[in-house]
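Examining the three-dimensional arrangement
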Protein chains: 4
Amino acid sequence: MSDARIKVGVVGAGGRMGRTVAAAVDTDPALDLVAAVDPHAAGVELFGTTVAASVDALAEAGAEVVVDFTVAPAARDTLPWLAAHGMHAVVGTTGFSDDDLEAFRSAFTTSSCLIASNFSISAVLMMRFAELAAPWFETAEIIELHHDQKIDAPSGTAITTAQRMQAARAGAAGEWPADPTEHEVYAGARGGAGPGGIRVHSVRMRGMVAHQEVILGALGQTLTLRQDSYDRSSYMPGVVLACKHVAEHPGLTLGLDALLGV
Amino acid sequence: MSDARIKVGVVGAGGRMGRTVAAAVDTDPALDLVAAVDPHAAGVELFGTTVAASVDALAEAGAEVVVDFTVAPAARDTLPWLAAHGMHAVVGTTGFSDDDLEAFRSAFTTSSCLIASNFSISAVLMMRFAELAAPWFETAEIIELHHDQKIDAPSGTAITTAQRMQAARAGAAGEWPADPTEHEVYAGARGGAGPGGIRVHSVRMRGMVAHQEVILGALGQTLTLRQDSYDRSSYMPGVVLACKHVAEHPGLTLGLDALLGV
Amino acid sequence: MSDARIKVGVVGAGGRMGRTVAAAVDTDPALDLVAAVDPHAAGVELFGTTVAASVDALAEAGAEVVVDFTVAPAARDTLPWLAAHGMHAVVGTTGFSDDDLEAFRSAFTTSSCLIASNFSISAVLMMRFAELAAPWFETAEIIELHHDQKIDAPSGTAITTAQRMQAARAGAAGEWPADPTEHEVYAGARGGAGPGGIRVHSVRMRGMVAHQEVILGALGQTLTLRQDSYDRSSYMPGVVLACKHVAEHPGLTLGLDALLGV
Amino acid sequence: MSDARIKVGVVGAGGRMGRTVAAAVDTDPALDLVAAVDPHAAGVELFGTTVAASVDALAEAGAEVVVDFTVAPAARDTLPWLAAHGMHAVVGTTGFSDDDLEAFRSAFTTSSCLIASNFSISAVLMMRFAELAAPWFETAEIIELHHDQKIDAPSGTAITTAQRMQAARAGAAGEWPADPTEHEVYAGARGGAGPGGIRVHSVRMRGMVAHQEVILGALGQTLTLRQDSYDRSSYMPGVVLACKHVAEHPGLTLGLDALLGV
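Source: prediction; values computed, not measured.

The next subject is the interface of chain C and chain B. At the interface, four residues of chain C touch four residues of chain B. Approximately 400 Å² of surface area, both sides summed, lies buried where chain C meets chain B, with 70% of it carried by carbon and sulfur atoms. When the buried area of chain C at its contact with chain B is split by residue, Gly207, Met208 and Tyr230 of chain C rank highest and sum to 87% of it. Linking chain C with chain B are zero salt bridges. In this structure, the connection of chain C to chain B is made through zero residue pairs in polar contact (both at pLDDT 80 or more).

So, in structure tokens, the structure goes:
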């Protein structure tokens, strides 16, 4: 009986994110963890697989999809190698330049490469829906809520959301109305002004993890898009989904949106 | 100096909805209320326009877009007349048969006709986003909350939402998991089972108007799509938007979604 | 058969708030609108009562409870008169000095007088619960959301809430921890700092009316207290409740809290 | 220099809850973990303390407050021993009979004993506030949301909340109005009917942990009390708080409410 499961390899398998990815792949009934690579963890047993020092182990194991959560200098070598071996790549590594992306685009001619900075399905959809809704409302604001150890405000997700909403808005619906506030009793009460003047509010709260709410309003109605991350495992469903669907998107794809069909 | 405003006519202008539409058109700076028609209210003054008894007034006034919130028997006459006169139609009237729709499709060859049962932009987007998100989550439930005079449960919007989510799900992601509940201490606590087993919960609350929340969950994360209607005026932004954009969609269009580009 | 309903009079009955109060009293089955007073609206018919020019009409009608939503100069005459006639007073008028309150306290020796600036039961309870909860959490922030015509930020309710939370906190639990933010990318993102550093965020949104959320967090948990006002009628349940219960609280009472037993 | 920290002992220190309590005590700057007892884990090192087999270790270490998360048969011996030695007890053990409680009441004459089934501060306050608010609103419903492995519905917390709200209501404000629903399209959509007819809705959602929302409505307004537990650590702040304040409540106290002053 042949195994219909997709053969998955993991590079950077010794790191925190790599180990979590390996666990998620191992758990999913449609995926088969066939190889794990990490020069810094060679020889370690990981879910029945021995971590190898070199990417050659991926070819030997017949990996079809390879997940890469490492660092840009390493991935600059790994990704073209994957392309040359006809393997698909699912990449969470960040820090690539435009030149890097161009090189990857040239390399992946027969297989697929997805590069995404955010694998949280709920966060990706929230941002996309906010962008789709932005042209049709009179007002919009963003509230992001995080644990009270976070030192920057607003969050990167909130900034990206505001940028995408404003870009969608600018092309279709013109300016947002001016802020009505004439008297700000506590300075900053109206939040931080992002692109196009979209107000962003950052809450820092003991007990919380990572949450964001986009509120859009028109006469007599509001639409609220809210995303809650309860722990770090929230990246895994997106990685697993990418392993299953990356092959359907030949060449280079940026962002999980395309795989979600939105 | 020419007037760049879109010339809008309203039929059924004497009814509650018709008057509200006329007010919204009159208020919007990009629209010009040029004619109002209602055989039952002929002669009444409405925002500087005298209500006429016959649709001929629409042609005389040079209406470009005509809004029809009447009843199916009347609209069956009005819509082909609008098509024959090259006017665009924005229609909130309900009760059309498939044959009616086929006839309208044949009639509107040069101008546009939008027929929608729901002009609440926030509700339309909530339903569409719920449909787009449904394939990508493990679980989903709907909570709808209405004023405590509502006699049916769930609301029509909640039922339509569940149907659309299930249709999107069935085509892409297979069955939802079985309900884990083994012991329901209060019968009905787990809500009503809609299509595909999607649970729908109906809250009836003094003070509320019309609200709905769709919650979708995956490992470590949830996405919540919430729509709040605060009063009946929530239909108006959708009607105004349709008046502005219907001309861009030649022929017959069903549902506001197409005009919203989602 | 005797009428067990409480006999209620309304002063300032010709004003917008006075008329709304009269309607609410007229509608409630346990209350009987027996007199309406307003020198500026004398002779007007109001729910079967003719508005009188002088408070003497209250005595003639045998009013037991009198509702006063007027202005401080008028109420300074009315309230002692009510006390002298053994009537209970429910007062929404604002602008009294400490001397005024002392005078009212001396006057109401046999009957009761409730003076409150906020008759929204949900808002009053939200503030009280926030005050009760404040000592027991590590962090707390306030988000208030209002329609986009509001020119001041934060709202008066939010400021009062923060003040009361801080006073409760100071007496029991010491300082709130310092804000963790080191890098505020959009100035003001972290909101306005109220008493004790409690952050207050003001959202201005088309479609909304008046809403407030107090979030309190401790390890692994949050408590959220949210109040929604959907329209101006939200004051009426508190006024009706006060008419029914003011007699149980002899002398002068400040704030609806006492009547709610919290 | 004397140590002003409260000396705390933990019994059942080898169990999952006991270890977590020991960690929380060890972490808090105002508490000093001086002894740990568990016959099944004697000799184990726990935060610098060696687990002892017998409660004698508590006396030897001079424990002032002892936390007991064990089982009723064991606690029936431990608690009177603590009372006899003048130690205060913080007890999360369940399954006591009325006779047990009477015995504990008689035993704790000089020191204090708090027994609570719920140490989540946010959940305890949510229930208490729901009880305080129940008499003043026209309608109320409960929505509880839990992870999708939970096999009973509604949750015990939701049932307790409904019971307490109904008890508070019955004594003050009479019956809730009848459910307006005449046509339930999906059976169970209106939720389960708890005491007094309070509707309870149970959502089961992948990604969620334990959450509950109580919504109360009156004319033009709603009050929402929401509690979110993000992980099991949510019990710890309540246990730590009890260690600090139990001494202020001599004799037997049932429930964390008393310590919270609500």
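Residue and element names in this part refer to chain D. Residues Asp100, Leu101 and Phe104 constitute the buried set of helix α4 (residues 98–107). One face of α4 carries all of its buried residues, which in axial projection span an arc of 95 degrees. Relative to its buried face, α4 has exposed residues pointing more than 90 degrees away, namely Asp98, Asp99 and Ser106. Of the surrounding elements, those touching the buried residues of α4 are α3 (72–84), β7 (112–115) and β15 (251–254).

Right, let's talk about the sheet that holds strand β8 (residues 139–146) of chain C for a bit. Spatially, the ten strands line up as an open sheet ordered β11(C)-β12(C)-β8(C)-β13(C)-β14(C)-β14(D)-β13(D)-β8(D)-β12(D)-β11(D), and their pairing is mixed. Whereas interior strands pair on both sides, the edge strands pair on one side only; in this sheet they are β11 (192–193) of chain C together with β11 (192–193) of chain D. Strand direction decides the pairing type here: strand β14 (residues 221–229) of chain C and strand β14 (residues 221–229) of chain D, joined by nine bridges, are antiparallel. From the neighbouring strand, Asp228 of chain C faces β14 of chain D, where its bridge partner is Thr222 of chain D.

This brings us to the domain arrangement of chain A. All names here are of chain A. For chain A, the assigned domains are domain 1 (6–115 + 232–260) and domain 2 (121–229). Using only C-alpha atoms to locate each centre, domain 1 and domain 2 end up separated by 33 Å. For the domain 1 and domain 2 pair, buried surface summed over both sides reaches about 500 Å², with 69% attributable to carbon and sulfur atoms. Together, Ser234, Asp257 and Leu260 form the three largest contributors to the area buried by domain 1 at its contact with domain 2, with a combined 68%. For the interface between domain 1 and domain 2, the tally reads one salt bridge. Note that Arg164 is salt-bridged to Asp257, the shortest N-O span being 3.2 Å. Our count for the domain 1 to domain 2 interface comes out at one residue pair in polar contact (both at pLDDT 80 or more).

This part covers the relation of the copies chain C and chain A. Expressed as a screw operation, the relation of chain C to chain A combines 0.0 Å of axial shift with a rotation of 180 degrees, fitting to an RMSD of 0.0 Å. Between the two chains, the operation in question is that of a two-fold axis. Across chain C, the rotation axis passes nearest the C-alpha of Gly188 of chain C, at a separation of 2.0 Å. Here 100% of the interface residues in chain C have copies in chain A that are interface residues too; the copies meet face to matching face.

Cut-offs and rules
Residues numbered from 1 in each chain as written. Chains lettered and ligands numbered in written order. Predicted model: local features only at pLDDT ≥ 70, side-chain atom pairs only at ≥ 80, totals over all residues. Heavy atoms only, no water. Contact = heavy atoms within 4.5 Å. Buried area = accessible area lost by both parts, 1.4 Å probe. Salt bridge = Lys/Arg side-chain N within 4 Å of Asp/Glu carboxyl O. Polar contact = N/O pair within 3.5 Å; in protein donor to acceptor, adjacent residues only side chain to side chain. Buried < 20%, exposed > 50% of the residue type's maximum accessible area, 1.4 Å probe, protein only. Helix = DSSP H or I, 4+ residues; strand = E, 2+ residues; numbered from the N terminus. Arc of directions from axis to C-beta. Pairing = 2+ DSSP bridges. Domains from an automatic or database assignment. Least-squares fit on C-alpha atoms with pLDDT ≥ 70 in both.

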